Amino acid sequence: METKDSPDIKSFKKFPLPLRLVVLVVAVVCGIYIGTICLEQKGLRTSINLLDITVFKQPCSRPSGVQEWELPYLHYPEPQNYSREECACNPVLFFCIVSMQRSGSGWFETFLNSHINVSSNGEIFSVGKRRANVSSILETMDKVYNLDWFSSASKNECSAAVGFKWMLNQGLMEHHEEIEEYFERRRVSIIFLFRRNLLRRMISVLANSYDKDAKPLNGSHKSHVHSASEAKILAKYRPRINVTLLITELKLTKETAAKAITYFKNTRHIVLYYEDLVNNRTKLKDVQEFLRVPHRDLESRQVKIHTAPLSKQIENWDEVQKALTGTPYQSFLHKD
């Protein structure tokens, strides 16, 4: 059976030399051409990648309508755990609500968090280990202001104002010098929130302490409520006040608040009082202006617990009235 031999290199030698040279030149030219095209495409991709990086690293432009003094207070955080994406150039203002327990800070914070651009992350230093020393305090604040803190209030990507609330008895006063330096360095703005009527605050503190143990709301403790029926149940408790220590405690509370304002007098701040917010909701507009966020109608679902006259809220009302009459705190008996 006859078979055909496959062509080998010897068969090509039968072609004339000039023809073989032409084929070789064409092959070399094609190779050079193809190589050049590949290099150009690679160079194009490299250029595109470099262009992308350059655009991403360019600084954000100055926001419109911003005054010169505001610029140091506007930040552009770069979180470690996610990207702010299209909000990367949205400036963020850092704030801290400085207050005392039972001064309306929880209620006030719900108003702030009803704003689409505000994230107030609650009482973060209620956890002891976070305020164990200055280093842990500063590290915790770095997480909040770098937008790496996550809570139910977080709107991190597109927040325009980010902060938390801090009670005076949670390490703030003990480490005020280091904290004041941190606030100045990072340009943190302070919202002081206190109560004018410190007697009413004392009633709220005692009632809240009782509720932690008694748990009259179906066996659960609630510092704040969202219905009139729950508020009515909690308001039934009438604390008995120690009149021997009453004036001393009122004086200490007032002095502590004044001392806090003095410690941070050089930090950009605003001083608010709970009673003013209750009686004049336009104060919330002032707060939004202070935080440099667009004005919105803010709302809260919380319901006030103690609404009755003071004489109906204190078990030993006659003793308290006698103890405060003729003192600098006599006005607390009448102002509601």
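See the structure printed just above.
Because the structure is a prediction, the values reported are computed rather than measured.

What counts as what
Residues numbered from 1 in each chain as written. Predicted model: local features only at pLDDT ≥ 70, side-chain atom pairs only at ≥ 80, totals over all residues. Heavy atoms only, no water. Core = buried A, V, L, I, M, F, W, Y, C linked by side-chain atoms within 4.5 Å. Buried < 20%, exposed > 50% of the residue type's maximum accessible area, 1.4 Å probe, protein only. Contact = heavy atoms within 4.5 Å. Helix = DSSP H or I, 4+ residues; strand = E, 2+ residues; numbered from the N terminus. Phe/Tyr/Trp six-rings, centres within 6.5 Å; stacked < 30°, edge-to-face > 60°. Lys NZ or Arg CZ within 6 Å of the ring centre and 35° of its normal. Polar contact = N/O pair within 3.5 Å; in protein donor to acceptor, adjacent residues only side chain to side chain. Axes fitted to C-alpha atoms, helices over the stretch in contact; angles between N-to-C directions. Parallel < 35°, antiparallel > 145°, perpendicular 65-115°, else oblique. Nonpolar A, V, L, I, M, F, W, Y, C, P; charged D, E, K, R; others polar. Pairing = 2+ DSSP bridges. Disulfide = S-S within 2.5 Å.

1. Here we look at the nonpolar core
Among the nonpolar cores identified, the biggest contains 30 residues, and C96, M141, Y145, F164, W166, L168 and F183 are the most heavily contacted of them. Excluding anything up to four places from it in sequence, W166 contacts C96, I97, V98, S99, F125, I137, M141, G171, L172, I179 and F183.

2. Remarks on the environment of V320
Tracing the sequence through the fold places V320 in helix α12 (residues 317-324). On the accessibility criterion, V320 (0% relative accessible area) is buried. Through-space distance from the C-alpha of V320 to that of I247 is 9.9 Å; in sequence the pair is 73 residues apart. Ignoring any residue separated from it by four or fewer positions in sequence, one finds V320 in contact with L199, I241, V243, L246, I314 and L333.

3. Quick notes on the packing of aromatic side chains
Counting across every chain of the model gives 15 aromatic pairs. Each ring, one from W107 and one from F111, has its centre 5.0 Å from the other, and the planes form 85°; the classification is edge-to-face. Placement of both W107 and F111 in helix α3 (residues 105-113) is noted, with a separation of four residues, approximately one turn of the helix. The same class applies to W107 and to F111, which are both buried. Grouped by ring-pair contacts, the aromatic residues F94, F125, Y145, F164, W166, Y182, F183 and F264 constitute a single cluster. The ring of Y73 has R187 sitting right over it, with the charged end atom 5.8 Å from the ring centre. Lying over the aromatic face of Y73, R268 brings its terminal NZ or CZ to 5.6 Å of the ring centre.

4. Concerning the environment of S83
On the secondary structure map, S83 appears in the loop between α2 (17-57) and β1 (93-99). Separated by 3.1 Å, the side chain of S83 and the backbone nitrogen of E85 make a polar contact.

5. What about the side chain of Q313?
For Q313, the position within the fold is in the loop between α11 (283-290) and α12. Among the polar contacts listed, one links the side chain of Q313 to the backbone oxygen of A308, at a separation of 2.4 Å. Beyond its immediate sequence surroundings of up to four residues, Q313 is in contact with R200, I203, Y237, R238, P239, H306, T307 and A308.

6. Let's talk about the packing of helix α7 (residues 198-214) against helix α9 (residues 243-263)
The contact between α7 and α9 brings their axes to 10 Å, and the two run at 105°. As summarised for this structure, α7 and α9 are arranged roughly perpendicular, according to the angle between their axes. Between α7 and α9, the residues in contact are L198, L199, R201 and M202 and L246, E249, L250, T253 and K254, respectively. Among the residues making up the contact of α7 with α9, the classes are represented as five nonpolar, one polar and three charged.

7. Description of the pairing of strand β3 (residues 161-167)
Taking burial as the measure, the seven residues of β3 include seven buried ones, the bulk of the element. Covered by surrounding structure in β3 are A161, G163, K165 and M167 together with V162, F164 and W166, the residues of both alternating faces. Both strand β2 (residues 118-120) and β3 contribute to a ladder of three bridges, which runs parallel. By the bridge assignment for β3, S120 is matched with G163.

8. Considerations on the state of the cysteines
Overall, the coordinates contain two disulfides when judged by the stated rule. The disulfide bridge from C60 ends at C89, spanning 2.1 Å between sulfur atoms. Torsion about the S-S bond of the C60 and C89 cystine: about -80°, corresponding to left-handed handedness. Taken as a pair, C60 in the loop between α2 and β1 and C89 in the loop between α2 and β1 lie far apart in primary sequence, 29 residues in all. Each sulfur of the disulfide joining C87 and C158 lies 1.6 Å from the other. Residue C87 is located in the loop between α2 and β1, and its partner C158 is located in the loop between α4 (134-145) and β3; the two are separated by 71 residues in the primary sequence. Assessed through its relative accessible area of 31%, C158 is described here as partly exposed.

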